[in-house]
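Here are the chains, one letter per residue:
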Amino acid sequence: MHEIVIISGKGGAGKTSIAGAFAQLAENAILCDLDVDAPDLHLLLAPKNLLQTEFRSGNEAIIDLNRCDRCGLCASVCKFDAIELTQRGFQVAPIRCEGCKVCVELCPADAIDFPERHCGSWYISTTRFGTMVHAQLFPGQENSGRLVTLLKQKAREIAEHDGYELMLCDGAPGIGCPVISSMAGTDLAVVVTEPTPSGRHDLERVAKLCDQFKTKVVVIINKCDLNSDQAAQIEEFCKANGYPVICHFPHDHAVTKAMVKGQVITEYDSGPASQLLEAAWKNMLNILHAN
Ligand code: SF4
Ligand code: SF4
């Protein structure tokens, strides 16, 4: 099985619209939304959840007020100011608790529990384009890299069991922990960029990351008609570094119209935008299978 991840150096580059179109064009592929902090592929694919599982990672301190004798030691030792005195007694603000366990160890009344932290949920769902594995972290939760690794592992297990030939992932934006986690085992990265200085800069950073993982890179220049000078500079950068540009995708109102209808562009109509993405998909497959 081959693994493809669609990424961009930053959010808002049009990555998910392209991931949605590729999901429709793919045959025998398992879909995976690895943007666990702010997933939005589900808005286009309307998944029906078959399985929901809690994601737990790290630990958090919780004070049992029945055991607490209000000595205040925990609040004074917490370096993260996570413990405050409320009308009900000493309580931990979960958003500030870093799970260092110092208060748990020092509490003279043994009144602080330290359970695993419930950070969000992950799902196995059906969509009109096939099975999808996806997740949602609660706001402010960390460990998104761990969740990305878990999603990929589950998607691989399903792919192996059900005989999928391709895993198509919508990656997280940026080059942080979730993107790094999404690169492990990936054969090819589709980098979606825009012709702006920040778009070019982000492309350079994310392509470098792919090189470190020895992952093939292809590039889609989205809204390529926004700035022809910048588009030319991106083209030049890609040529110099051996990253094939598989699609120059101009701004097209049909993409927005498709979104409003809850569809991906390639199922909305067969106009120029769809034709470009179909050609890009074929081009990408050829590069994926080339030695
Ligand atoms: S250290 Fe323990 S007993 Fe003292 S206030 Fe904190 S939770 Fe209560
Ligand atoms: S576990 Fe650490 S961060 Fe959390 S409340 Fe206790 S001392 Fe503060």
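Before any of the text, the structure's been laid out above.
Residues numbered from 1 in each chain as written. Chains lettered and ligands numbered in written order. Predicted model: local features only at pLDDT ≥ 70, side-chain atom pairs only at ≥ 80, totals over all residues.

Engineer: Would you take a moment to explain the overall build of the chain for this structure?
Structural biologist: A tally of regular secondary structure across the chain gives 11 helices and 13 strands. Judged by the C-alpha coordinates and their principal axes, the chain covers about 70 × 40 × 40 Å. Counting the 291 residues in the chain, one finds 44% classified as buried. Residue pairs at least 24 apart in sequence account for 76% of intrachain contacts in the chain once pairs closer than 6 positions are excluded. (Helix = DSSP H or I, 4+ residues; strand = E, 2+ residues; numbered from the N terminus. Buried ≥ 20, exposed ≤ 12 C-beta atoms within 10 Å, placed from the backbone. Contact = placed C-beta atoms within 7 Å.)

Engineer: What is the right way to look at the site of ligand 2 in this model?
Structural biologist: Taken together, 13 residues surround ligand 2, and among them A61, C78, C97, C100 and C103 come closest. Here the residues of the shell around ligand 2 are counted per class, giving 10 nonpolar, 1 polar and 2 charged. (Near = placed C-beta within 6 Å. Nonpolar A, V, L, I, M, F, W, Y, C, P; charged D, E, K, R; others polar.)

Engineer: Whenever I open this one, the sheet that holds strand β1 (residues 2-7) confuses me. Can you help?
Structural biologist: Whenever strands of a sheet pair, they do so through backbone hydrogen bonds, lying parallel or antiparallel. Here we have 9 strands laid out as an open sheet, ordered β3-β8-β9-β2-β10-β1-β11-β12-β13, and mixed in their pairing. For this open sheet the edge positions go to β3 (48-59) and β13 (245-249), each flanked by a neighbour on one side alone. Ignoring strand direction, the axes of neighbouring strands in this sheet form an average angle of 20°. In the sheet, strand β8 (residues 116-127) pairs with strand β9 (residues 130-137) via 8 bridges, with the strands oriented antiparallel. Its bridge partner being in β9, G120 is matched across the sheet by L137. Set on the sheet, helix α5 (residues 144-162) makes contact with β2 (29-33), β3, β8, β9 and β10 (166-170); between it and β9 the angle comes to about 165°. Docked against the sheet, helix α7 (residues 197-212) engages β1, β11 (188-193) and β12 (216-222), running at close to 170° with respect to β11. (Pairing = 2+ DSSP bridges. Axes fitted to C-alpha atoms, helices over the stretch in contact; angles between N-to-C directions.)

Engineer: Before we go on, may I ask you to explain the pairing of β11 in this structure?
Structural biologist: Two faces make up the sheet, and in a regular strand the side chains alternate between them. For β11, the buried fraction is high: 5 of the 6 residues fall into the buried class. Summarising the sheet, β1 and β11 pair through 4 bridges and their orientation is parallel. In the sheet register, I7 faces β11, and the bridge partner there is V191. Sheet analysis places β11 next to β12, joined by 6 bridges and oriented parallel. Looking across to β12, one finds that T193 is bridged to I221.

Engineer: Explain the pairing of β9 to me, please; I cannot follow it from the model alone.
Structural biologist: Counting buried residues along β9, 7 of its 8 residues qualify, which places the element largely inside the surrounding structure. As defined by bridge partners, β2 adjoins β9 across 2 bridges and the pair is classed as parallel. Looking at the pairing, C32 lines up with V133 of β9.

Engineer: Is there a simple way to explain the site of ligand 1 in this structure?
Structural biologist: Near ligand 1 there are 13 residues, and of these C68, C71, C74, C107 and A109 occur at the shortest range. For the shell around ligand 1, a count of residues per class yields 10 nonpolar, 1 polar and 2 charged.

Engineer: Would you mind going over the environment of G58 with me for this structure?
Structural biologist: In this fold, G58 is placed in strand β3. Judged by the 14 C-beta atoms lying within 10 Å of it, G58 falls in the partly exposed class. Put simply, G58 and C238 are 180 residues apart on the chain and 40 Å apart in space, counted from C-alpha to C-alpha.

Engineer: What's the story with the nonpolar core in this structure? I'm lost.
Structural biologist: Nonpolar side chains tend toward joint burial in soluble globular proteins. Ranked by internal contacts, the top residues of the largest apolar core, which has 74 residues, are F22, C32, M167, L168, V191, V219 and I220. With sequence-adjacent residues up to four places away left out, V219 is seen in contact with V191, T193, L203, C238, Y243, V245 and I246. With 13 residues, the next largest nonpolar core counts F90, C103, A111 and I112 among its residues. (Core = buried A, V, L, I, M, F, W, Y, C linked by C-beta atoms within 7 Å.)

Engineer: So what exactly am I meant to see when it comes to the packing of α7 against helix α8 (residues 228-241) here?
Structural biologist: Each pair of packed helices gets described by two things: the angle between the helix axes and the distance between those axes. Running from N to C, α7 and α8 point in directions that differ by 15°, and their axes come no closer than 9 Å. With respect to α8, the axis of α7 lies roughly parallel. Considering only the axes of α7 and α8, their crossing is right-handed. Seen from α7, the contacting residues are P197, R200, L203, E204 and A207; seen from α8, they are Q230, Q233, I234, F237 and N241. (Parallel < 35°, antiparallel > 145°, perpendicular 65-115°, else oblique. Left-handed = near helix turned anticlockwise from the far one by under 90°.)

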